[in-house]
Amino acid sequence: MTSTTSCLSRFSQFQRTYFWSLRKNIGMAVLLALLLFLANPLILLIALPGEAAAIARNTDLTQAERTESLSRSYTRMAGSVLPTFAVAIVLLFCAVLCVLLFDYLQKKRSVDLYHALPVGREALLLGRWCAGITLLFVPVVLDFISMRMIGAAYGVSMMDGARSPLLSMLWILLMGAAAFTFCLFMMVCAGTTLDAVLSALGVNVGYPLLIVCVYTVAGMLLPGFSADIADHLTVTTAFAPFAAAFVAVLRSGSAWFLLWWVVMTAVLLAGSVLLYRRRRSESAEDNFAFPLPKLVVRFLLTAVGGLGFGLVLNGASDTAFFIGVLCGSLATHVVVEVIYSRGFHQMKKSFAWYGVFAVVFVAFFGALCTGLFGYDTRIPDASQVESVSIDADSYWSGSGSQLVYDESFRNRIFALSPTIRQQENIKAVVGIQQELINKYRARYPYCLRTNQGNGMTLSYRMKDGSVFKRTYRSYSDRMNLEEMLTPAYDKLNGMKEFAESEDLVFYLSPENFKSMEVNNGKANSRTFVPDAQQAAQFQNALEQDFLDGKVNRRYHTEQEKYLNVGLDYKEKIEPGEKMKALLGGYKGKINLNSGNYSFTDESAATWKLLKQWGWVE
C-alpha cells in the first residue's frame, strides 16, 4: 500500500468525500422517498377522502363535529400506524446504505485503493457517514412534511393529547442515526460483509431475547420481582437500536431514553473512528478486524439458547431446567462458532469463552436463589411513602368501572386504581408486605417454579419522587393461593380507603346509571332500567359490598352460585364534585365503559336488593 500525504485540508477532504458519496448514492434516497410515500402520504390520500365522504353523508353532524371526526381518523393514522411503517422502512435502509457506503472495507482491492487516495481515514469515514445520514434524513423529513400538508388540505389536525407527527419524525431520525452508526461499527470491526450483517443481527435479536429470558427466570425465582417486560422495555432495547426504534416511535421514549441513544450514537461513531484508525488494510476479507462483535454475539446467543431451552423444558422434572440450559447453550455455542469460523478449526479454543458463560450463569442463578443481595427482603420506610398503588391481577372476578373517557369517547383521560394515601393504611400495607416476605422466605433458598400464578403488585410512590415496586405471585404449582395471597387480600379489603379507590361507583351519582343487565346462570340475562330511587338504592348497596369485600372477589374455589351485574352508564355525563376532584383539572363531560360486577355471596347487599325487587330468581 502506498502512503500519500494530502495537500488538501481535512475539511476539504471531508467535503469532497461527502458530496461524492451523495452523488453516487442519490438513487437510494429517491427509492427511500418513494417507499415512504407509498407507505404514508399515499395511504392518507386514499383513506381521508373516503372518511370525509362517509362523514359528509351523516347529516346529523355539524361542521365542527365533522371536522373533529375526520381529525380523529387523521390522528389515528398519522400518530401511530404510519410512523410504524416509516420506521420499518428507514431501518431497512440503514442496513442497505451502510453496506453500500462501507463495503470497501471488506474488499482488499477496494480498501487499498481508498487508502491510497489523498484523503485521511477520518475524513473518509465521517464524510461517508454524513452522506448516509443525509440520504436517510431528507426523505423522512419530506415524508412527514407531506403528511402535514395533506392534513392541512383537509382542514384537520392532530387531536389534543395525541402524539405529534413531528415528535415521531424526530424519534425516527434519532433512531435511524443510531441504527446506521451501529451498522457502521460492525462494518469496521468485521472483515466480511456477511460477518458484519450477522453480528448486527445477532446483537439486535440476541440482546432483547436474553433480557426477556433473564427477566422470566427472575420472575419465576425471586419473590417480589416483576417479570412484566412492558415495565422494562428501555432495558430490553438498551443495546439494540433496531428494536429500540419501535419502542421510541410506538411508546415515546423518556428523557433518559433520549439521552441514552444520543450518547450511544456518539459513542458508536467515536468508536468507529478510533477503530478505523487502527484497522489494518489486510483485515479485509478476513473474519474480523476486531473480535469484539464475535465475542459479544456468541455470548448473547449462547445465553439465549441455554436459558430459552431451559425454560421450555422447565417443569418436566426438578433438573429439566438445568439440562435444558446445558444442552441449549452448548448447541448454540457450537453453531455460532461454526458459522463465524467457517468450520470447526477454532472450536477447541472457543470453549474457553463458553466457560465464561457457565461462570456468569452460576453467579446469576445463585444470586437469585439467595435473594439477590437483599432484594427479596427490602421494604420501604412507611414514613417516606407518599402513596401506594395496588394491582391484583387474576384476583378480581369482575372488571368494575375504572376508566374515564372524554366527551368524544375517543381519548382516555383517567384510569382508577386502588391507592392508599393515609399514613395509618400505608403502615398496614408495609406490614402486609413484610408478612408476604416472611412466607416466601420460609422456602429459602428459592427454587424455580413452573409458572407465576396469580399476583399482587405494590407500587410505593416515595416522597422524593422515586417508585419502589414489588410483585408477589402465588406460583400455583407449589404455593397455594389461599395460603400465600388471600390473607393479604382480606386485610386490604378491610381498609375503607382501599375499597373506595377500587371503583368509580363511589364518584358517580345515581342519575348517571342507565340500565342493568342481570344474570345468575339460571336463565337468560335480563336488562332493567332503574328509576331514581332504585338507582340510589343500588349504588348504596354496591358501595357497601365493596366495603364488605363481597363484590368482584373470587379467589376461592369456584362457587356453584353466582350473580353478574352489568351496569351501563348514560352518555356524556356531567361530572359531580367528587368526580371533578378525582380528575383534577379536566373540564368537560365524560363517558364511561360499562361496568361488570360479580358476586358469589348471597348475603351481599346488592344480591339481596335485586332479589327483593324480583330481578333475580
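Residues numbered from 1 in each chain as written. Predicted model: local features only at pLDDT ≥ 70, side-chain atom pairs only at ≥ 80, totals over all residues. Heavy atoms only, no water.

**Notes on the sheet that holds strand 2 (residues 403–405)**
Ordered in space as 3-2-10, the three strands form an open sheet in which the pairing is antiparallel. The sheet terminates laterally at strand 3 (412–415) and strand 10 (591–592), the two strands that pair on one side only. Pairing of strand 2 with strand 3, which is carried by three bridges, proceeds in the antiparallel orientation. Bridged to Tyr 405 within strand 3 is Arg 412. (Pairing = 2+ DSSP bridges. Helix = DSSP H or I, 4+ residues; strand = E, 2+ residues; numbered from the N terminus.)

**Topic: unusual backbone geometry**
Each neighbour pair has its own omega, and for Tyr 444 with Pro 445 the value is -5°, a cis peptide bond. The phi torsion at Arg 342 lies on the positive side, around 55°, for a residue other than glycine. In this fold, Arg 342 is placed in the loop between helix 12 (320–341) and helix 13 (347–369). By relative accessible area, Arg 342 is classed as partly exposed at 42%. (Buried < 20%, exposed > 50% of the residue type's maximum accessible area, 1.4 Å probe, protein only.)

**Notes on the pairing of strand 6 (residues 467–473)**
As a general feature of sheets, a regular strand has side chains that alternate between the two faces. The buried fraction of strand 6 is high, at five of seven residues. Pairing geometry for strand 5 (residues 455–462) and strand 6, over seven bridges, is antiparallel. Note on strand 6: the bridge partner recorded for Tyr 460 is Phe 468. Taken together, strand 5 and the strand that follows it, strand 6, pair antiparallel across an intervening segment of four residues, in which Gly 465 is found at a positive phi of about 95°.

**Things to note about the pattern of salt bridges**
This structure, assessed with the given rule, holds 10 salt bridges. Among the salt bridges present, the one from Arg 277 reaches Glu 122, with a minimum N-O distance of 2.6 Å. With Arg 277 in helix 10 (residues 255–278) and Glu 122 in helix 5 (residues 121–153), this residue pair connects regions lying 155 residues apart in the sequence. Between Glu 282 and Arg 280 there is a salt bridge, with its nearest N and O atoms 3.9 Å apart. Of the two residues examined, Glu 282 and Arg 280, each falls in the exposed class. Salt bridges sharing partners connect three or more residues here, namely Lys 294, Arg 298 and Glu 337. (Salt bridge = Lys/Arg side-chain N within 4 Å of Asp/Glu carboxyl O.)

**Examining a nonpolar patch on the surface**
Side chains of Leu 31, Leu 34, Leu 35, Phe 37, Leu 38 and Leu 45 sit close together on the surface and give an oily, nonpolar patch of about 480 Å² of accessible area. Element by element, the count of residues in the nonpolar patch is highest for helix 1 (residues 10–39), at five residues. (Patch = residues over 30% accessible without salt bridge, like charges linked within 9 Å, V, L, I, M, F, W, Y side chains within 5 Å. Areas by Shrake-Rupley, 256 points an atom, 1.4 Å probe, with all protein chains shown as cover.)

**Considering the sheet that holds strand 5**
Taken together, the four strands give an open sheet; going across it, the order is 4-1-5-6, and neighbouring strands pair in antiparallel fashion. The open sheet terminates on both sides in strands that have one partner only, identified here as strand 4 (419–420) and strand 6.

**Quick look at the side chain of Ser 283**
Residue position: Ser 283 is located in the loop between helix 10 and helix 11 (292–313). With a relative accessible area of 4%, Ser 283 lands in the buried category. When residues no more than four places from it in sequence are discounted, the contact partners of Ser 283 are Gly 191 and Ala 289. (Contact = heavy atoms within 4.5 Å.)

**Structural notes on the packing of aromatic side chains**
Across all of its chains, the model carries 29 aromatic pairs by this definition. Taking the centre distance of 4.4 Å and the plane angle of 5° together, the rings of Phe 528 and Trp 615 count as stacked. Here Trp 615 lies in the segment after helix 20 (605–613) and Phe 528 lies in strand 8 (residues 526–528), a separation of 87 residues in the sequence. Of the two residues examined, Phe 528 and Trp 615, each falls in the buried class. Ring-pair connections join several aromatic residues into one group, and the members of that group are Phe 299, Phe 321, Phe 322, Phe 351, Tyr 354, Phe 357, Phe 361 and Phe 365. The lysine or arginine in question, Arg 441, covers the ring of Tyr 444, its NZ or CZ lying 3.8 Å from the ring centre. Between the NZ or CZ atom of Lys 578 and the centre of the ring of Tyr 507, over which it lies, the distance is 5.4 Å. (Phe/Tyr/Trp six-rings, centres within 6.5 Å; stacked < 30°, edge-to-face > 60°. Lys NZ or Arg CZ within 6 Å of the ring centre and 35° of its normal.)

**As for helix 1**
Where helix 1 bends most, the angle comes to about 55°, and this point is Asn 25. Of all the positions in helix 1, only Gln 13, Thr 17, Tyr 18, Ser 21, Leu 22, Asn 25, Met 28, Ala 29, Leu 32, Leu 36 and Ala 39 are classed as buried. Buried residues belonging to helix 1 abut helix 2 (41–56), helix 3 (63–102) and helix 5. (Bend = angle between axes of the 7 residues up to and from the residue.)

**A short note on the pairing of strand 1 (residues 385–391)**
Where strand 1 meets strand 5, six bridges bridge the pair, whose relative direction is antiparallel. Bridge pairing in strand 5 links Asp 391 to Thr 457. By the bridge criterion, two bridges tie strand 1 to strand 4 in an arrangement that is antiparallel. Across the sheet, the residue bridging to Ser 389 is Thr 419, located in strand 4.

**Details of the nonpolar core**
Within the largest apolar cluster, 111 residues are counted, with the highest numbers of intra-cluster contacts made by Phe 102, Met 175 and Phe 180. Considering each element in turn, this core owes the most residues, 18 residues, to helix 6 (residues 165–189). Setting aside residues up to four positions removed in sequence, Phe 180 forms contacts with Cys 94, Leu 97, Cys 98, Leu 101, Phe 102, Trp 129, Gly 132, Ile 133 and Leu 136. Counting 36 residues, the second-largest nonpolar core is a separate cluster that includes Leu 508, Met 516, Phe 538 and Leu 583. (Core = buried A, V, L, I, M, F, W, Y, C linked by side-chain atoms within 4.5 Å.)

**A look at the confidence of the model for the protein**
Low-pLDDT portions of the prediction should not be read for the details of their coordinates. Taken as a whole, the protein shows an average pLDDT of 87; of its residues, 93% reach a score of 70 or greater. Counted against residues more than four places away or in other chains, residues 1–6, with its pLDDT under 50, gives 11 contacts. (pLDDT = per-residue confidence, 0-100.)

**A look at the environment of Ser 341**
With respect to the element layout, Ser 341 can be found in helix 12. Taking the C-alpha atoms as reference points, Ser 341 and Leu 221, 120 residues apart in sequence, are found 37 Å from one another. For Ser 341, the residues in contact, after removing those within four places along its chain, are Lys 294 and Gln 346. Within polar-contact distance, the side chain of Ser 341 engages the side chain of Lys 294 at 3.2 Å. (Polar contact = N/O pair within 3.5 Å; in protein donor to acceptor, adjacent residues only side chain to side chain.)

**Observations concerning the environment of Leu 330**
By the secondary structure assignment, Leu 330 is in helix 12. Counting along the chain gives 143 residues from Leu 330 to Met 187, while the straight-line C-alpha distance between them is 28 Å. Sequence-distant contacts of Leu 330, that is, excluding residues within four places in its chain, are made with Phe 351 and Tyr 354.

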